[in-house]
Amino acid sequence: MKVAICSVQEFNPMIGGIERVSVSLANELISRGVEVIFICCRKSPYGGEYHLPAHQYVLPDSTDYSEANVSKMAEIIREEHVDVILNQNAHSYLYNRQVFLVREKCSVPVVSVLHFDPLNRIKANQHLVDFQLHSIKNNIIGFFRQIAVSPLLTPLSMHSQRRLFRQIYDGSDATVLLSPQYFDSFKQVAGLTETTKLTSIYNMLSWPLDLSKTYEKDKLIIFVGRMNAQKRPEQLLKAWKKIQHRLPDWRLVLVGDGDLLEQMKRFADSSMLERITFTGFQEPREYYRKGAIYVMCSSHEGWALTISEAMQHGCVPVVYNTFISLSDQIKNGESGLIVKPFDIKSLGESILKLAKDEELRNQMSRRAVLSRKEFTPEAVMPDWINLFEKVISASNK
């Protein structure tokens with residue numbers, strides 16, 4: 001069996017979650033005797049040199065869709081004798097068009113993965129007005145975006161999302177969601193009457209899980225992710241402003257790059273935040289090892305791979321309850337703390353609770369590590385192998 005793992009952006013595992021998930025999957029497939037190639041459309045502006053376990057093809061055009069890319073991708077699929085295409089960029093209507101045209105040309109089955117919450121269109125456009133942080137212009141734009149996803153206008157604003165989901169479902173031989181909890185919302189938004197091609201597979205851990213290892217933790221609170229509107233790093237900065245004087249021996253480190261990085265630095269300076277570091281783009285694993293508390297304030301996520309990455313290193317998560325798959329990862333009060341979304345006070349109090357109670361923190365840290373067994377390759381890979389074999393067998397009939 002040969003699998004072509006495809007996306008718009010190159011598969012640099014240091015860039016983001018989809019890339020790391022793809023490389024982890026490739027490694028595990030190869031270790032099980034499955035051949036793999038990568039196909040992408042463009043290089044990323046972030047990251048440096050990296051090594052992939054299989055050859056990566058870069059298509060001629062950097063756009064999500066072009067006729068030249070369709071022709072070249074079809075040529076690669078034929079010459080490499082690919083048995084199944086894994087579409088890791090199903091959230092792009094144009095890229096799906098490209099992949100599905102290749103499917104028709106080559107008669108090769110396609111498995112498409114939706115790496116986001118099916119309701120992300122609504123969640124991404126909430127809580128956008130912030131006069132302390134944004135310009136008047138951006139607040140006006142945010143206000144109208146919030147109105148667009150109000151209950152009265154939601155059916156209209158979700159029209160394009162329905163079109164995308166129907167394209168994914170109709171054009172793919174199988175559609176993979178990141179949690180079974182997303183079935184109902186995907187079915188509702190897409191307007192499906194049957195879901196025989198719909199399934200769910202959890203994202204695997206990025207690194208091998210070592211249950212015997214004990215991590216020596218610093219008094220360190222970490223944020224790992226892109227500095228953008230989805231990840232909402234300003235929520236953590238505002239919480240830190242409220243509690244920093246009560247944690248004089250703790251530090252806050254934000255790991256990641258993005259279009260809001262400079263704005264966050266200015267906000268930190270103007271708010272006179274102390275013991276705070278912005279590292280920019282970095283390999284995050286050392287921060288997971290040293291960090292005691294991990295904080296995520298995203299407005300929406302699909303799976304949030306960084307939660308699992310932090311937990312497998314014993315870094316206790318404090319996370320906004322903005323996506324329903326969160327309960328698949330964290331048992332509130334046992335392996336982490338789940339916080340009411342956009343409640344700065346509650347966020348700060350949750351961080352304080354962990355920082356001030358070392359025994360509680362250590363207990364949760366150990367539970368966090370143990371809870372990752374469900375997401376090891378041994379637990380997840382049979383689902384992938386079975387799915388690939390199923391769609392290949394069906395296409396050969």
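The preceding data block contains the structure.
Quick summary incoming for the structure in this document.

1. Some details on the pairing of strand 2 (residues 35-40)
Burial within strand 2 is extensive, with five of its six residues counted as buried. Running through helix 1 (residues 17-31), the crossover from strand 1 (residues 2-6) to the neighbouring parallel element strand 2 is right-handed. As paired elements, strand 2 and strand 3 (residues 56-58) share three bridges and run parallel to each other. The residue bridging Phe-38 from the neighbouring strand is Gln-56, located in strand 3.

2. Description of the sheet that holds strand 13 (residues 337-339)
Within a beta sheet, neighbouring strands are joined by backbone hydrogen bonds and run either parallel or antiparallel to one another. Pairing is parallel in the open sheet, where six strands are placed in the order 10-9-8-11-12-13. Both outer strands of the open sheet, strand 10 (276-280) and strand 13, are each paired with one neighbouring strand and no more. Looking at each pair of strands side by side, their axes are set apart by 20° on average, direction ignored. Note: strand 8 (residues 220-224) against strand 9 (residues 251-255), five bridges, orientation parallel. Counted as the bridge partner of Leu-220 is Arg-251 from strand 9. Contacting strand 8, strand 9, strand 10, strand 11 (293-296) and strand 12 (316-320), helix 9 (residues 233-243) crosses the sheet at an angle of about 170° to strand 9. Running over the sheet, helix 12 (residues 305-312) touches strand 8, strand 11 and strand 12 and is turned about 175° from strand 11.

3. Examining the environment of Val-70
Here Val-70 shows up in helix 2 (residues 67-79). The class of Val-70 is buried, set by a relative accessible area of 4%. Those residues within four positions of Val-70 in sequence are excluded, and the remaining contacts are Tyr-65, Gln-98, Leu-101, Val-102 and Lys-105.

4. As for the packing of aromatic side chains
The tally for this structure, following the rule as stated, stands at eight aromatic pairs. A centroid spacing of 4.8 Å and a plane angle of 20° characterise the contact between Phe-165 and Phe-186, whose relative ring orientation is stacked. Taken together, the residues span a long stretch of sequence, with Phe-165 in helix 7 (residues 159-171) and Phe-186 in helix 8 (residues 183-190) at a distance of 21 residues. The exposure classification of Phe-165 matches that of Phe-186, with both residues buried. Three or more aromatic residues link up through ring pairs in this structure, and these residues are Tyr-202, Trp-303 and Phe-375. The side chain of Arg-163 reaches across the aromatic face of Tyr-93, ending 3.9 Å from its centre. Lying over the aromatic face of Tyr-169, Lys-197 brings its terminal NZ or CZ to 5.0 Å of the ring centre.

The rules behind these values
One numbering rule holds for all chains: residues counted from 1, following each sequence as written. Given that this is a predicted model, residues contribute local features only at a pLDDT of at least 70 and side-chain atom pairs are listed and counted only at 80 or more, while totals for whole chains, interfaces and linings are drawn from all residues. As a rule here, side-chain values cover all heavy atoms of the structure and leave hydrogens and water aside. Partly exposed describes any residue whose relative accessible area lies between the buried limit of under 20% and the exposed limit of over 50%, with all areas from a 1.4 Å probe on protein chains only and scaled to the type maximum. Segments assigned H or I by DSSP are reported as helices when at least four residues long, segments assigned E as strands when at least two residues long, and all are numbered from the N terminus. Throughout, right-handed denotes a crossover for which the path from the first strand over the helix to the second runs clockwise when the strands point away from the viewer. Whether two strands pair comes down to DSSP finding at least two bridges between them. Note on geometry: axes are C-alpha line fits, over the in-contact stretch for helices, and angles between N-to-C directions span 0 to 180 degrees. Whether two residues are in contact is decided by their heavy atoms, any of which lying within 4.5 Å being enough. Whether two aromatic rings pair depends on their centres lying within 6.5 Å, for rings of Phe, Tyr and Trp, where Trp uses its six-membered ring; planes under 30 degrees apart make the pair stacked, over 60 edge-to-face, and the rest tilted. When the NZ atom of lysine or the CZ atom of arginine is within 6 Å of a ring's centre and also within 35 degrees of its normal, the charge is said to sit over that ring.

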